[in-house]
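Chain and residue survey
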Amino acid sequence: MSDDMFDRGGAQDESATGSESQRRSALVVADARTSGGTRSDHVGVAHARTPFAGRIRWVPVKPLSRRLLLVLFTVICSFAGVASPSFAGVTSADPGTGTLGHQGRFYTVNHQPAALLGLNMQELAANPQIDYVSVLNAMQANQVKMVGLWIYPAWQPAGYLQPWTYGVCAPGKFDLDSWNPAYWARLKAFVDAAQARGIYVGLSLFPSNYVDRTGWNSPSLSYAYNANYNCNGEFPTNTAGTFAPQFWNSDPLSEVHIRQQQLVDKVLATFPYSSYPNLFFEVANEFPGRNNAADPSGSNTQANPALPEWQNGWINYIKANNPGRVVEAYAQTYVGTNTIGIENYWDQPNVDILNFHNTYADGEGVAAQLDSIGANLKGKILQDNETTGNEYGDVSYTDRSTQRAWAWNINLGYFQWYWDNSQLAVSPQGIEDPQFAAALHRINVMADIDNQVDWTDLSDQYNANVVQSPASHYRLLANPTDHRALYYGWSSNLDQPLQISLTSGGYLYQWINPQDGSVLAKGLLFTSGGVNTIAQPSAWNTTAGVVLTAAPATKDACKNGGWMTFARPTFDNQGACVSYVATGGTN
């Protein structure tokens, strides 16, 4: 694909319309058994064997007419005032990030398990009013390693840059035969800038949650895959007033599938795996589940077999073209505590990530949703890329979001802190919203804690080792062999010590406030094994929770003034502290 007008049929006229039979007859379809598996189309995009059928198709591109050149020139000029940031010396080949991969329940970077904490800011690259460079700089400074974007941020057709031109062929309409060069240039510059800062980018390909009645018929959305809002006359509303399940069509010759493949191929051509190892792909942000009463057949849920066939098909297609690329499946119906449809994905070899929009605010709820059905045993990354709601201005928002983030972290899951209105976070003057700044800081605190305990080397199978908890709700991760543990408690403060079963050895423990990273209490514990008592800190926020880390006790903890920070026991000087550690707590 290219930024030029593209044609799906050699006999199609300059209006970029035409009958379905015209479009189909112009497709070159070859049997995969005689094609050799791959071939390049007229603009250099290589297509691997399609997972939807045993065929390959190529789309020819005809020369542009004077009128179409004029349209493109007009579009480019219309965005001349939108300046994309320049990055001197930054190219897609800069080694700011390692190669992203998947191993069991963890992301890997250069084949090593990695704790990657993230933000979901869907329109961050597409909104021309945002200085995304300042956002990426703030992410880098706060150890935010991931950011989620939508390829097509549908809810602002005019306010954001979009993949196709909008309002050029007709007011309020998209032209699906015309890429928007300003959009693709800005998106590429964003990904380049993220890569240079060690930030991994998740690209969500299709906003398929808008094919239900809520979004499908909304003039404010002007959904591109709706005949009422594109100049191509494609994708009419069905008798139910939606476009579900028609959107999930796996027939490679169907009109909707052809259009979808054009977008997927454009993304793959813009971001080849060899140059952009910092990307991972999400097929769909979520699936509608809001019209079940109006649609008893369940055609807009995971219960319809067309939907998992469609999602798995695109995952297989991406993997066939980008064998090393990490790809995720949305593994539930709409949002909430359900896992409807997860069984369609968790045994698929090309699925790396099972993604959710979980509404549990606590770690036990997340565990109940995932552990009870065995999702934690399937060797897939478990992730929630929308951990929060839209609660701007609510002073308790950040604490509730902190608890949700920890709910996933303490279950060895990944999360992206959801921030769905980037203009509330940043302006040309920089990071301004105090809640956004607080979110960044709390992610930074979590990253420090995860690094301290080597989060990717912990297990979630030791929750029963907690005999008594100072918090009414809690979860524990541990590696008993290496004397490391991570406890997170929340909800009610029971005003009682932590009693925990530990293997024999020496432990340096710290109670940490997840709001700001401050150490509430710190001590050394030497044990011959069994149940041990650790006094709780005097006070902590029951919404944001409290964290305890345990790591091997070493003499280094006593140095550089460290001996003065211990509460249990206390020491008169560095020598006394060193002696205590060296003798296993006996002197």
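Refer to the structure printed above.
Just so it is clear, the model here is predicted, and its values are computed rather than measured. (Residues numbered from 1 in each chain as written. Predicted model: local features only at pLDDT ≥ 70, side-chain atom pairs only at ≥ 80, totals over all residues. Heavy atoms only, no water.)

**Some details on the pattern of salt bridges**
What the rule picks out here adds up to 11 salt bridges. Linking Arg105 and Asp460 is a salt bridge whose minimum nitrogen-to-oxygen distance equals 2.8 Å. Of this pair, Arg105 sits in the loop between β5 (100-103) and β6 (106-109) while Asp460 sits in the loop between α11 (434-453) and β20 (466-468), placing them 355 residues apart in sequence. As far as the burial class goes, Arg105 and Asp460 line up, both buried. Of the charged contacts in the structure, one is a salt bridge between Asp371 and Arg475, with a shortest N-O distance of 3.3 Å. Placement of the pair is Asp371 in the loop between α9 (363-370) and β16 (381-384) and Arg475 in strand β21 (residues 471-479), with a sequence separation of 104 residues. (Salt bridge = Lys/Arg side-chain N within 4 Å of Asp/Glu carboxyl O. Helix = DSSP H or I, 4+ residues; strand = E, 2+ residues; numbered from the N terminus. Buried < 20%, exposed > 50% of the residue type's maximum accessible area, 1.4 Å probe, protein only.)

**Looking at the state of the cysteines**
Tallied over the full model, the rule gives 2 disulfides. Disulfide partner of Cys169: Cys231, at an S-S distance of 2.0 Å. Looking down the S-S bond of the Cys169 and Cys231 bridge, the torsion is 90 degrees, so its handedness is right-handed. Remark: Cys231 occurs in the loop between α6 (213-216) and α7 (255-270) and Cys169 occurs in the loop between β10 (164-166) and β11 (174-179); sequence separation between them is 62 residues. Through a disulfide, Cys558 is tied to Cys577; the S-S separation comes to 2.0 Å. Judged by the sign of its S-S torsion, about -70 degrees, the bond between Cys558 and Cys577 is left-handed. Separated by 19 residues along the polypeptide, Cys558 in the loop between β27 (546-552) and α12 (574-582) and Cys577 in helix α12 bring together distant segments of the chain. Exposure remark for Cys558: the relative accessible area of 0% places this residue in the buried category. Since its relative accessible area comes to 0%, Cys577 is described here as buried. The connectivity of the disulfide-linked cysteines in the protein, indexed sequentially, is 1-2, 3-4. (Disulfide = S-S within 2.5 Å.)

**A short note on the sheet that holds strand β7 (residues 112-114)**
Strand order in the open sheet formed by 3 strands is β5-β6-β7, and the pairing between neighbours is antiparallel. Edge positions in the sheet fall to β5 and β7, since each of these pairs with one other strand and no more. Averaged over neighbouring strand pairs, the angle between their axes works out to 50 degrees when direction is ignored. Taken together, the 3 bridges between β6 and β7 define a ladder with antiparallel strand orientation. Bridge pairing in β7 places Thr108 opposite Pro113. (Pairing = 2+ DSSP bridges. Axes fitted to C-alpha atoms, helices over the stretch in contact; angles between N-to-C directions.)

**A closer look at unusual backbone geometry**
In this chain, Ala244 is followed by Pro245 through a cis amide linkage whose omega measures 10 degrees. Tracing the sequence through the fold places Pro245 in the loop between α6 and α7. The omega torsion of the bond from Arg568 to Pro569 falls at -10 degrees, within 30 degrees of zero and hence cis. Structurally, the position occupied by Pro569 is in the loop between β27 and α12.

**Points about the sheet that holds strand β24 (residues 505-512)**
Read from one edge to the other, the open sheet built from 5 strands follows the order β21-β22-β27-β24-β25, with strand pairing classed as antiparallel. Strand pairing shows two members of the sheet lacking a second neighbour, β21 and β25 (519-527), which therefore form its edges. Direction aside, the axes of adjacent strands within the sheet are offset by 15 degrees on average. Here strand β22 (residues 484-493) pairs with β27 via 5 bridges, running antiparallel. In the strand pairing of β27, Ala485 is matched with Ala550. Across the face of the sheet, α9 comes into contact with β21 and β22 while running at roughly 60 degrees to β21. (Contact = heavy atoms within 4.5 Å.)

**Focus: the environment of Gln383**
By secondary structure assignment, the location of Gln383 is in strand β16. Under the relative-accessibility criterion, Gln383 is labelled buried at 1%. Sequence-wise, Gln383 and Phe415 are 32 residues apart; in three dimensions their C-alpha atoms are separated by 5.4 Å. Contact partners of Gln383, with chain neighbours within four places excluded, come to Tyr107, Met146, Phe280, Glu328, Ile353, Leu354, Asn355, Phe356, Trp408, Tyr414 and Gln416. Separated by 3.1 Å, the side chains of Gln383 and Glu328 make a polar contact. (Polar contact = N/O pair within 3.5 Å; in protein donor to acceptor, adjacent residues only side chain to side chain.)

**Structural notes on helix α4 (residues 132-141)**
Across the 10 residues that make up α4, a large majority, 7, are buried. Listing the buried residues of α4 in full gives Tyr132, Val133, Ser134, Val135, Leu136, Ala138 and Met139. Just downstream of α4, Gln143 is the residue with a positive phi angle, here 60 degrees.

**Concerning the packing of α7 against helix α8 (residues 306-321)**
Two numbers describe how α7 lies on α8: the axes approach to 12 Å, and their chain directions differ by 35 degrees. You can see that α7 and α8 cross each other, and the crossing is right-handed. Contact with α7, carried on its side by His257, Gln260, Gln261, Val264, Asp265 and Leu268, involves Trp310, Trp314, Tyr317, Ile318 and Asn321 of α8 and no other residues of that element. Grouping the amino acids of the contact of α7 with α8 by side-chain chemistry returns 6 nonpolar, 4 polar and 1 charged. (Left-handed = near helix turned anticlockwise from the far one by under 90°. Nonpolar A, V, L, I, M, F, W, Y, C, P; charged D, E, K, R; others polar.)

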